[in-house]
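# Structural overview
Spelled out, the chains give:
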Amino acid sequence: MKRRVVVTGVGSVSPLGLNATTHWQNISAGKSAVRPLTMFDTTHFPIKVIADIPQFPFAEQSELSRTQQMLRIASQEAADQAQLHVLSEQSRCGIYCALTGDWPQMSRLFQAYADPLAWQHCTPATLPGFAQRQIGITAALLGHWLSLTSSVRAARVLDGACASGSETVGEAFRQVRHGQVDIALAAGACCWINVIGLIIYKTFGTLTTEENPAEASCPFDIQRKGFVMAEGAAALVLEDLEHALRRGVLPLAEVTGYGATTSAYRATDMPEDGVALSRGMQLALLDAGRRSEEVDYINAHGTGTRQNDLVETLAIRQVFGQRAWDIPISSNKSMTGHSITAAGVLEAVTTVKTVQEDLIPPTINLHHPDPACDLDYVPAHARRQTVHVALSNSFGFGGLNSTVVIEKFARTRRAEA
Amino acid sequence: MSSSNERNTVVITGLGLATPLGLDLDTVWSRISQSETAIKPMPHYLPGRGGAMLEDFYPEEHVRPKRILRFVNRATSFAMVAARNALEDAGVSEGVIDPERFGIYTGTGESEMKPEIYFPALEKAIDEQGQFNLAQFAQEGLDQLDPYVGLTSLGNNALCYISIVHKLMGPSNNYVKSGVASSQAIAEAVQALRYGLADAILVVGNDWLTDPWALAAYDSIGMLCTDCWDVAGSMRPFDAGRRGPLPGEGAGALVLETAQVAEKRGAHIYGQILGYGEATDTWSFGAPPPDGGVLPLAIEEALADAQVTPEQVDLIIAHGNSSPGGDTSEAQGIYHALSGRLRHVPITSTKPYTGHLGAASGTVETILALLMQQHATVPPILNLTEPDVACSLNFVMNQSLKCAPNILLHIARSVGGQNAVIIIGKDLAALPGK
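Fair warning: this is a prediction, and the values are worked out from it, not measured in the lab.

What follows covers the overall build of chain B. For chain B, the count of helices and strands is 14 helices and 14 strands. In terms of overall size, chain B behaves like a compact globule, its C-alpha atoms giving a radius of gyration of 22 Å where 434 residues would be expected to give roughly 22 Å. Across its three principal axes, chain B shows a C-alpha extent of roughly 75 × 55 × 40 Å. Burial statistics for chain B: of 434 residues in total, 61% are counted as buried. When contacts within chain B are restricted to residue pairs at least 6 apart in sequence, those whose partners lie at least 24 apart make up 80%.

Take the packing of helix 3 (residues 74–90) of chain B against helix 7 (residues 157–166) of chain B next. The relative placement of two packed helices is expressed as an angle between their axes plus a distance between the axes. Residue and element names in this part refer to chain B. Where helix 3 contacts helix 7, the axes come no closer than 9 Å and their chain directions differ by 40°. By the angle between their axes, helix 3 is oblique relative to helix 7. By crossing handedness, the relation of helix 3 to helix 7 is classed as right-handed. Where helix 3 approaches helix 7, its residues Ala 75, Thr 76, Ala 79, Met 80, Ala 83 and Leu 87 are matched on the opposing element by Asn 157, Ala 158, Tyr 161, Ile 162 and His 166. The residue inventory of the contact of helix 3 with helix 7, partitioned by class, reads eight nonpolar, three polar and no charged.

As a further point, take the pairing of strand 6 (residues 183–190) of chain A. All names here are of chain A. Most of strand 6 sits out of view: eight of its eight residues are buried. In strand 6, alternate side chains face the same way, and those of Ile 183, Leu 185, Ala 187 and Ala 189 on one face and Ala 184, Ala 186, Gly 188 and Cys 190 on the other are all buried. As defined by bridge partners, strand 4 (residues 92–98) adjoins strand 6 across six bridges and the pair is classed as parallel. Each residue of the ladder has a partner; that of Cys 93, found in strand 6, is Ile 183. Where strand 6 lies against strand 7 (residues 232–240), eight bridges are found, and the strand directions are antiparallel. Considered in strand 7, the bridge of Ala 187 is made with Ala 235.

Next up on the list: the interface of chain A and chain B. Counting from both sides, the interface comprises 65 residues of chain A and, opposite them, 71 residues of chain B. Of all the secondary structure elements, the ones that give two or more residues to the side of chain A that touches chain B are helix 3 (106–114), helix 4 (127–133), helix 5 (138–145), strand 5 (151–158), helix 6 (164–177), helix 7 (195–203), strand 8 (253–262) and helix 10 (275–288) of chain A. The leading source of residues in the side of chain A that touches chain B is strand 5 of chain A, at eight residues. Tallied by class, residues from the side of chain A that touches chain B come to 37 nonpolar, 19 polar and nine charged.

Another aspect to go through is helix 5 (residues 134–141) of chain B. Residues and elements named next belong to chain B. If you check which residues of helix 5 are buried, you get Phe 137, Ala 138 and Gly 141. Around the axis of helix 5, the buried residues are gathered within 115° of arc, so they sit on the same side. On its buried face, helix 5 is in contact with helix 4 (119–123).

Our next topic: the domain arrangement of chain B. One widely used convention gives an interface's size as the accessible area the parts lose upon coming together. One can read the domain layout of chain B as domain 1 (10–112 + 153–419) and domain 2 (115–150). Placing the centre of domain 1 of chain B and that of domain 2 of chain B at their C-alpha centroids yields a distance of 39 Å.

This part takes up the environment of Thr 262 of chain A. Position of Thr 262 of chain A among the secondary structure elements: in strand 8. Note on Thr 262 of chain A: 31 C-beta atoms within 10 Å, which makes it buried. Considered as a pair, Thr 262 of chain A and Gly 399 of chain A are 137 residues apart in the sequence and their alpha carbons are 5.3 Å apart. Setting aside residues no more than four positions away along its own chain, Thr 262 of chain A makes contact with Gly 399 and Leu 400 of chain A together with Ile 104, Ser 163, Leu 168, Met 169, Gly 170 and Ser 172 of chain B.

This part covers the nonpolar core. One finds Ala 187, Leu 236 and Val 345 of chain A together with Leu 256 of chain B to be the most contacted residues of the largest nonpolar core, which totals 283 residues. When residues of this core are assigned to their parent elements, the largest contribution, 10 residues, is made by helix 3 of chain B. Residue contributions to this core reach at least three from each of two domains, namely domain 1 (10–112 + 153–419) and domain 2 (115–150) of chain B. Ignoring sequence-local partners within four residues, the contact set of Ala 187 of chain A consists of Leu 71, Ala 74, Ser 75, Cys 97, Leu 142, Ala 233, Ala 234, Ala 235 and Val 345 of chain A.

Residue and element names in this part refer to chain B. The predicted model of chain B has a mean per-residue pLDDT of 92, with 96% of residues at 70 or higher. Overall, residues 430–434 carries pLDDT values under 50, and its contacts beyond four positions in sequence, including any with other chains, amount to eight contacts. Complex prediction metrics read pTM 0.96 and ipTM 0.96.

All right, on to the pairing of strand 1 (residues 5–13) of chain A then. In summary, the side chains of a regular strand alternate between the two faces of the sheet. Residue and element names in this part refer to chain A. Most of strand 1 is tucked away, with nine of its nine residues classed as buried. One ladder, built from three bridges, connects strand 1 with strand 8; its direction is antiparallel. Paired with Val 5 across the two strands is Val 255, which belongs to strand 8. With eight bridges joining them, strand 1 and strand 7 adopt antiparallel strand pairing. Among the inter-strand pairings, Val 5 is bridged to a residue of strand 7, identified as Asp 240.

Quick notes on the rules
Residues numbered from 1 in each chain as written. Chains lettered and ligands numbered in written order. Predicted model: local features only at pLDDT ≥ 70, side-chain atom pairs only at ≥ 80, totals over all residues. Helix = DSSP H or I, 4+ residues; strand = E, 2+ residues; numbered from the N terminus. Rg over C-alpha atoms; globule rule 2.2 N^0.38 Å. Buried ≥ 20, exposed ≤ 12 C-beta atoms within 10 Å, placed from the backbone. Contact = placed C-beta atoms within 7 Å. Axes fitted to C-alpha atoms, helices over the stretch in contact; angles between N-to-C directions. Parallel < 35°, antiparallel > 145°, perpendicular 65-115°, else oblique. Left-handed = near helix turned anticlockwise from the far one by under 90°. Nonpolar A, V, L, I, M, F, W, Y, C, P; charged D, E, K, R; others polar. Pairing = 2+ DSSP bridges. Arc of directions from axis to C-beta. Domains from an automatic or database assignment. Core = buried A, V, L, I, M, F, W, Y, C linked by C-beta atoms within 7 Å. pLDDT = per-residue confidence, 0-100.

The structure is reproduced here in structure tokens:
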């Protein structure tokens, strides 16, 4: 017997707000978080715009990195909403994080360059310094930061590049569904807005070189030039429905399916036939016991690279046939930029709000749609519409494709059509 | 808990290694049988330091097709060798398993880019005062950068290129940077196969702890033994004279399949992954709980998941990383997890032979466990001569133990307090549920 898995808490630190409520208000209002890159003189630097979080109360003196601080705050918000502090010790809890190694700091690189043997004389650093680097143990630390009273079973960290966020949500969902844990925190974070992080993504040819922040992130528009690098964190608490009801915690939405495939094509390219992506969506629907006719909304990966726009559009057509033109599809990244390993979780948070509020966030900056991208991308303004069943897509470098199915919660599950 | 009849049985059909002891199963086993360790002094580093490296390993001789050489890092090249060996061993050349039903789960450790990659660009960025100048870096340095620096430093570099070369298009996931990473990859692969998400999954663990930047990180918390007077004899798990682990490097790969698929194609079956369990001491970062913390809980979870009673366990492959606090903690945890007769279950650890393989430990040690079953021989814990009084268990010491263990329990632990336990079974017919 499969368990039903509900969302009982959400949290986020996004370029559009320091908590999930503000993030949702701004994203449904169609606001852009993209700003000029001002951390250093960009006269000769190829990247001019970013979506950072200048208002984030970063504690410079803290032992935690910026990524860890954001992860902690977003997770705390989700944990508070789900009332994890009153969890019984009998509850089996899991922690799943999407993270990636921080690129080396410029200062550290320079030090290494100046003295290649520096490592041999490295002064003893601290455990926290070690933890910032060994991201695999961050999931365990997160349990400590949240003071989880319940005993933590799995504590795992995934790095599947831009798809990791969705994979983390999907894996946490599966663990709860099959009874490995009763309650799971699925969180993601990423802060790569620094010289090296930007340079790396420049070498991939995926970052926009647009200088005007207002128009820089324009997925599905003929003038798009790539994505805008963002930072942030997000978290969801997923829980066995019976467990949530016993605790008296209100379900916000239900996760019903997850599908994952591997492209096995090229590291940073998608196969142009769209099949690896459409197969992921189909597997997720099959897993959820939903037919394509029942899907009311798709939260697109929608990075704003030409390839993603075309292949994702094609894959949606393959899955939905003639109905593809009737399904609203939107790209949150048109407003928030792309926060890599955090993006999938952040978009799952947005999708939970979408099914709760029956309000579909828009794709902004879509002024001149690419003729090859002719679906309904909900341009410019949010749309009031009932959403029972939504898909959230994420596709990552390395060829990972994943889709999560998120539904409006109803005590009796809507009959499968 | 699901009962066995609604989930698939998961069997192991292919093994592949790329370890400091060798690149093929026979060489590795024969060296272990002769009590040979791969740990040596590391001449490029300061005296007193040891580790286990793949000697004379040149990626250009091993990575195929050659055109991907410039896109893969050293740790990935180990993984590619292990993956190819495992797939060959399982007899699943391309097309034998439907590519869309063939997944890949990896546990990857060190794979980040190395600072050296940036040196040519940094050289151009030094201004007249000898200082780093960002404008100059952007203007002149960027052109000097290897255009593939981003690819080689992708966290899922190994997963990416193995899936491409071997056409693995099923579900995939990459667990990172901890001593439990590839045990977690095995666990999730088992989960996916049990519930029919794939027919077969390649699980690969790889790490590169002998890399200078990894050493620096572990040194910074004083974890490694850095002043070994006898390098080869320094890694001595559970011994009173232990002083910390020595790093290793390498990879291990397993082909897992549902029993149905493997039996149908007449595959050689090494054994089963019967179950797994995880538990985490979130409070114990850097200081293993002296009483073993939640290790007993992880063992309990694994036994329950495997539907195996504690009495059925024949052998324990311990994490045994030779650290003063870690070994005591582990021994206490095992002691508390098992009662009565079970405290006499033989325990061994393979880390003194291979060095600490980090994220690769789960897959490599599972393979070594299967070799022990196959050869009905359990190698002793090398260098263990005087067990710590706080670690009173039935360690296999001095000489190998002749026995054919049917059910084995493998333990992996991390600095962060994560415990991952895998239960491996041998004889399909003799196991419960069959």
